[in-house]
Structures are given as structure tokens and as C-alpha cells.
Amino acid sequence: MYTFESRVRYSEIAEDGLLALPAVIDYMQDCTNFQSEDLGAGLGYHKERGLMWVLNSWQVVMERYPAMGEKYTGERCIMRI
């Protein structure tokens, strides 16, 4: 399973001090890109071959939103807090 660690930044929170939904989507995108890069099939690979990566569907279920400064591990684009 692919994982990465991060921390919720001030620029990613909503008015309530919790991670905003658009930032959740950004983390999911980052997770997939980090995994592709680590596998040697990242942006350069696709650009050289005239290819692109397309997400055609997603489902986001949040049990809770992490607060500003909270650390978490993203696993396969699933946030573990």
C-alpha cells in the first residue's frame, strides 16, 4: 500500500479551522502523483509519450476533518488520522 505523511497547513483550512474539502481532493491528487513518480510513471513519463492520467470518478467519505497543524498519513488517497 502506498503511503505519504503530511500535516494540515493553514492555507488548507476552512473558517472552522478544519481541513477544507477542496484540500482533501488536492491531497488525493498528490497521493496518486507521488505514487506514479515513485513507480517511474510520473509526469515526465506521460509527457514523453503524449499520455495523460484521468480520474473519471471519485467518492469521498470523511469520518472527520483534521484540524490545522494535525499530522496524518495518506494511504492510497485515504486519509488516516
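Refer to the preceding data block for the structure.
Within every chain, residues take consecutive numbers counted from 1 along the sequence as written. Where totals are concerned, whole chains, interfaces and linings use all residues; where local detail is concerned, this predicted model gives features only for residues with pLDDT of at least 70, and gives and counts side-chain atom pairs only at 80 or more. With hydrogens and water excluded, all non-hydrogen atoms of the structure serve as input to the side-chain values.

### Examining the nonpolar core
Stage number 1. Think of a nonpolar core as a cluster: buried Ala, Val, Leu, Ile, Met, Phe, Trp, Tyr and Cys residues, connected wherever their side-chain atoms sit within 4.5 Å. The rule is simple: take the accessible area with a 1.4 Å probe, protein chains only, and divide by the maximum for that residue type; under 20% is buried, over 50% is exposed, in between is partly exposed. By size, the foremost hydrophobic cluster in this structure holds ten residues: Y2, F4, V8, L19, A23, V24, Y27, M28, C31 and Y72.
Stage number 2. Ranked by the residues each element gives to this core, the list is headed by helix α1 (residues 21-38), at five residues. Runs of E in the DSSP output that reach at least two residues are strands. Runs of H or I that reach at least four are helices, and both are numbered from the N terminus.

### Overview of the pattern of salt bridges
Stage number 1. Salt bridges are defined by distance alone: a side-chain nitrogen of Lys or Arg within 4 Å of a carboxyl oxygen of Asp or Glu. Per the counting criterion, the structure on display carries three salt bridges.
Stage number 2. A salt bridge links E12 to R9; the nearest nitrogen and oxygen atoms lie 3.3 Å apart.
Stage number 3. Judged by its relative accessible area of 43%, R9 is partly exposed.

### Considerations on the packing of aromatic side chains
Stage number 1. Only centres within 6.5 Å qualify two rings of Phe, Tyr or Trp (six-membered ring in Trp) as a pair; their planes then separate them into stacked at under 30 degrees, edge-to-face at over 60, and tilted for everything else. One pass over the full model with this rule turns up three aromatic pairs.
Stage number 2. Centroid distance F4 to F34: 5.4 Å. Interplanar angle 80°. Geometry classified as edge-to-face. Highlighted residues: F4 in strand β1 (residues 3-7) and F34 in helix α1, separated in sequence by 30 residues.
Stage number 3. The buried category is assigned to F4, whose relative accessible area is 11%.
Stage number 4. Considering the side-chain rings of F4 and Y72, the 6.3 Å spacing of their centres and the 80° angle between planes classify their relative orientation as edge-to-face. Here Y72 lies in strand β2 (residues 71-75) and F4 lies in strand β1, a separation of 68 residues in the sequence.
Stage number 5. In this structure Y72 comes out as buried when scored by relative accessible area, which is 4%.
Stage number 6. Following the ring pairs from residue to residue traces out a cluster consisting of F4, Y27, F34 and Y72.

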